[in-house]
Amino acid sequence: SGVEQLGNMIAEAACIVPFTGAGISTECGIPDFRSPGGLWTRNRPIAFDEFVASADARAEAWRRRFAMEATFAAAKPGRGHRALASLYKAGKTPAIITQNIDNLHQASGFRADDVVELHGNTTYARCIGCGHAYDLPWVKARFEEAGSAPDCTICDEPVKTATISFGQAMPEDAMRRATELAQHCDLFLAIGSSLVVWPAAGFPLMAKNSGAKLVIINNEPTEQDDVADLVIRHDIGEALGPFVGN
Ligand code: OAD
Ligand code: ZN
């Protein structure tokens, strides 16, 4: 089966780089974006320039974030996260590339330095001007007090979750690190992503073009199934459960 073949590929590989999307966290109760019921089927994304230009957009962005608070707070790493953490502990995986913002790879045992976050992190906030970090309870208290989204106490620019919105510049360090990882692995695992959002979706192709084998694990077809060496069209927890170690 696909899972058996994946086991052989993992055993033979010296350097495995996982690349994850929202599908790895759905079993943890966090909705993805494009499945039925996904976030972008319910809400239009708020683009970065709208956030900058409009106080209403900022308030709406923060209301959406606070509405997800209990979901993020309750989420624990799933079987997919734990399987990848086992590869990391075994020394097979130097670091992980993720589009996810939920901090669950860190929670599963990856050192923060070894989680390459392409789209940032929603468990804290940053000023979009000076980059100063704020915690979410600070933002929430200010929001509830003033009825509007808070600005930075240092430079007065808006404070936003530390995530990347459409139209916002990609984090340079993460892009550089992901490029190195994709170019120097021998097995690349694209897990739980529809692979439609660029530049993130370029990394599986980059790995493949650099000589790595490409495995795609996703319960629906993706944009890149035709170039993969193995496609496991199956539930991620089921597919990766056998690779969860002690
Ligand atoms: P998507 O929602 O586009 O894709 C998630 C994929 O995971 C879908 O194809 C699902 O069918 C699949 N999936 C969900 N649960 C699964 C499960 N238990 N087992 C197997 N497959 C499952 O999410 P991403 O590809 O991560 O960026 O989205 C990419 C980017 O688009 C996000 O990082 C975010 C979003 O807009 C920004 O906002 C910048
Ligand atoms: Zn600032």
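Here, every reference points to the structure presented above.
Keep in mind that this is a model prediction, so the values were computed, not measured. (Residues numbered from 1 in each chain as written. Chains lettered and ligands numbered in written order. Predicted model: local features only at pLDDT ≥ 70, side-chain atom pairs only at ≥ 80, totals over all residues. Heavy atoms only, no water.)

## Examining helix 1 (residues 2-12)
Under the convention used in this document: Here the term buried applies to any residue with accessible area under 20% of the maximum for its type, exposed to any over 50%, and partly exposed to those in between, with areas from a 1.4 Å probe on protein chains only. By definition, any uninterrupted DSSP run of H or I lasting at least four residues is a helix, any uninterrupted run of E lasting at least two residues is a strand, and each is numbered from the N terminus. Here the arc refers to the directions that run from the helix axis out to each C-beta atom.
Among the residues of helix 1, L6, M9 and I10 are the ones counted as buried. Projected onto a plane normal to the axis of helix 1, the buried residues spread over an arc of 100° and lie on a single side. Set apart from the buried face of helix 1 by more than 90 degrees, the exposed residues are E4, A11 and E12.

## Thoughts on the sheet that holds strand 5 (residues 133-134)
Inclusion rule: Should DSSP find at least two bridges between two strands, the strands are taken to pair. Contacts are assigned to residue pairs with any non-hydrogen atoms lying within 4.5 Å of each other. Axis definition: a line fit to C-alpha positions, over the contact stretch in the case of helices; interaxial angles, taken between N-to-C directions, run 0 to 180 degrees.
Spatially, the three strands line up as an open sheet ordered 5-4-6, and their pairing is antiparallel. Since the sheet does not close on itself, it has two edges, and those belong to strand 5 and strand 6 (159-163), each with one partner. Relative to strand 5, strand 4 (residues 120-127) runs antiparallel, the two sharing two bridges. Bridging across to strand 5, R126 finds its partner in A133. Lying over the sheet, helix 4 (residues 55-67) contacts strand 4 and strand 6, oriented at roughly 50° with respect to strand 6. Packed onto the sheet, helix 8 (residues 136-146) meets strand 4, strand 5 and strand 6 and runs at close to 60° relative to strand 4.

## Details of helix 8
Keep this limit in mind: Whenever a nitrogen or oxygen atom comes within 3.5 Å of another N or O atom, the pair is scored as a polar contact, on the condition that within protein one atom can donate a hydrogen and the other can accept it, and that pairs from neighbouring residues in sequence are kept only if both atoms are in side chains.
Residues of helix 8 that are buried: L136, V139 and F143. Buried residues in helix 8, looked at end-on, bunch into an arc of 60°, giving them a common side. Counted as exposed and oriented over 90 degrees from the buried face of helix 8: P137, E144 and E145. Each element contacted by the buried residues of helix 8 is listed here: helix 4, strand 4, strand 5 and strand 6. A distance of 3.0 Å separates the backbone nitrogen of W138 from a side-chain oxygen at the start of helix 8, and that oxygen is part of D135. Just beyond helix 8, the residue with positive phi is G147, at close to 75°.

Worth remembering: the numbers are spatial, not functional.
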